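Residue-level listing of the chains:
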Amino acid sequence: MIKHQSISRIVSKNRVKSAFALIMSAVIFIFVLASVVIGLLTIPDNITPERGRRVFMLFTVNSNLVAAAGAICILPYAVDSLRNRWYRLPKWVDRLLYCGTLSVNMTLVFAFSIILPKMGKVAVTGMNLGLHVICPILTIILFLCVENSRILTYFDSLLSLIPYFLYATVYFVMVVVLKKWRDIYGLVDRLGAVGAIAVMTFFALSLSAVLRIVHNYLSYKGSKRLSKDLLAIEDLKDRYSYLDAIDQLASLYVNNSSDMVVPLDLMQEITNIYRELTIEEAVGKYVEAFLKKAKEMDQKTEN
């Protein structure tokens, strides 16, 4: 049989990932909340008139709220993953985090390239310290370093632009059409409405593509590492049948969880090693082994 400790080490890595996701998500949410509160309590002046209730006119604030929403949605899955020993996010949470990561990193680049040279330290002090610097950096780390098992598509990249397009539409109407807002970022004054839209849309598309490419590269590398870890288990394919591998996984999870947990990433990698096995067959064998071992444990408890 495969050494139980070998597969346990693989699963332990996912527990670390779950703990990291939990801590990072909580920190991001707290920083965003604290920064927005600081903005709400700050008295508006000539340099920063968008304070108090007017902070929600800023893309900086709204983009960070999207990132905070993505972070807070990760928390219950991270907690559940610590309990079940396998970190996995539903696709809608991954997409929401992608939206937030793109949006806040647009503000990060914009703050250092335009606002900081124009307005000085205002760009990185007060509420802007959290919203322009800390939260964008933490969000991109969470996005790129935690969920590395899913490949993002071109459609996901288009979805990530939704917060930007929504804000751009409101901004265009309020600044250009109704003239109720000042040109907060100065792009309309410098480039004209059409030029500002073209430049910012190109920037958003480019940054979204970069994030997707880096994310997918790390996902590919993560999958390769997982496959390498499995192959390193004493020449897995040569020495053990796939039933042995699946049996050991079932033993590990049935001993550490009250619910049935199916680690699909590991199942997929096992089918990559044992080519004669389909993912449906692997999951079926796993469920069968899990239920068998759970029944054995119940019988031992009764006795």
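Here is a short report on the structure shown in this document. (Residues numbered from 1 in each chain as written. Predicted model: local features only at pLDDT ≥ 70, side-chain atom pairs only at ≥ 80, totals over all residues. Heavy atoms only, no water.)

Remarks on the nonpolar core
Let me state the cut-off plainly: Nonpolar core, defined: a set of buried Ala, Val, Leu, Ile, Met, Phe, Trp, Tyr and Cys residues in which side-chain atoms within 4.5 Å join the residues together. A simple rule labels every residue: compare its accessible area, found with a 1.4 Å probe on the protein chains alone, to the largest value its type can have, and call it buried under 20%, exposed over 50%, or partly exposed in between. Only DSSP runs of H or I reaching four residues or more are called helices, and only runs of E reaching two or more are called strands; each is numbered from the N terminus. For this analysis, residues touch if any pair of their heavy atoms sits within 4.5 Å.
Core analysis: the largest hydrophobic core is formed by 51 residues, its most contacted members being Ile74, Met106, Leu142, Tyr171, Trp181, Ile184 and Tyr185. Of the residues forming this core, the biggest block, eight residues, is contributed by helix 3 (residues 91–119). Other than its neighbours up to four places away in sequence, isoleucine 74 contacts Ala21, Ser25, Tyr87, Leu89, Val93, Leu97 and Leu142. Ranked by size, the runner-up nonpolar core spans eleven residues in total, among them Ala250, Ile270, Ala289 and Phe290.

Considerations on the pattern of salt bridges
Which entries qualify depends on this criterion: Every case where a carboxyl oxygen of Asp or Glu lies within 4 Å of a side-chain nitrogen of Lys or Arg is listed as a salt bridge.
Overall, the coordinates contain three salt bridges when judged by the stated rule. Aspartate 156 is the partner of arginine 95 in a salt bridge, and the nearest nitrogen-oxygen pair spans 2.6 Å. In this pair, arginine 95 sits in helix 3 while aspartate 156 sits in helix 5 (residues 154–160), placing the two residues 61 residues apart along the sequence. Looking at arginine 95, the relative accessible area reads 26%, which means it is partly exposed. A relative accessible area of 0% means that aspartate 156 is categorised as buried.

Focus on helix 3
Let me state the cut-off plainly: To estimate how far a helix should reach, multiply one less than its number of residues by 1.5 Å.
For helix 3, with 29 residues, the first-to-last C-alpha span of 39 Å sits near the 42 Å given by 1.5 Å per residue. Where helix 3 ends, the next residue or the one after it, glycine 120, has phi of about 75°, a positive value.

Some remarks on unusual backbone geometry
At lysine 179, a residue that is not glycine, the phi angle is positive and equals roughly 55°. Here lysine 179 shows up in the loop between helix 6 (162–177) and helix 7 (187–231).

A word on a nonpolar patch on the surface
Heads up, the condition is: For patch detection, residues must exceed 30% relative accessible area and be free of salt bridges, and they are connected within 9 Å for like charges or within 5 Å for nonpolar side chains (Val, Leu, Ile, Met, Phe, Trp, Tyr). In short, Shrake-Rupley with a 1.4 Å probe defines the accessible areas, and a residue's cover is counted only from the protein chains shown.
Where nonpolar side chains cluster on the molecular surface, the patch consists of Phe29, Ile30, Leu33, Val37, Leu40, Leu41, Phe56, Leu65 and Ile72 and spans about 780 Å² of accessible area. Contributing elements (two or more residues each) for the nonpolar patch: helix 1 (4–41) and helix 2 (59–84). No other element matches the six residues that helix 1 contributes to the nonpolar patch. Among the residues examined, valine 37 registers a relative accessible area of 37% and is labelled partly exposed.

Some thoughts on the side chain of serine 63
Checked against the element boundaries, serine 63 lands in helix 2. Residue serine 63 is classed as buried on the basis of its relative accessible area of 1%. Contacts of serine 63, omitting those with residues within four sequence positions, involve Gly100, Ser103, Val104 and Thr107.

Focus: the side chain of serine 35
Structurally, serine 35 is set in helix 1. When neighbours within four sequence positions are excluded, serine 35 is seen to be in contact with Met127, Gly130 and Leu131.

Things to note about helix 4 (residues 127–145)
Here is the rule we go by: We define the bend at each residue as the angle formed by axes fitted to the 7 residues ending at it and the 7 residues starting at it.
Spanning 19 residues, helix 4 covers 26 Å between terminal C-alpha atoms, matching the ideal 27 Å at 1.5 Å per step. The axis of helix 4 is deflected most strongly, by about 35°, at isoleucine 134, and proline proline 136 appears within four residues downstream.

Geometric values such as these leave the question of function open.
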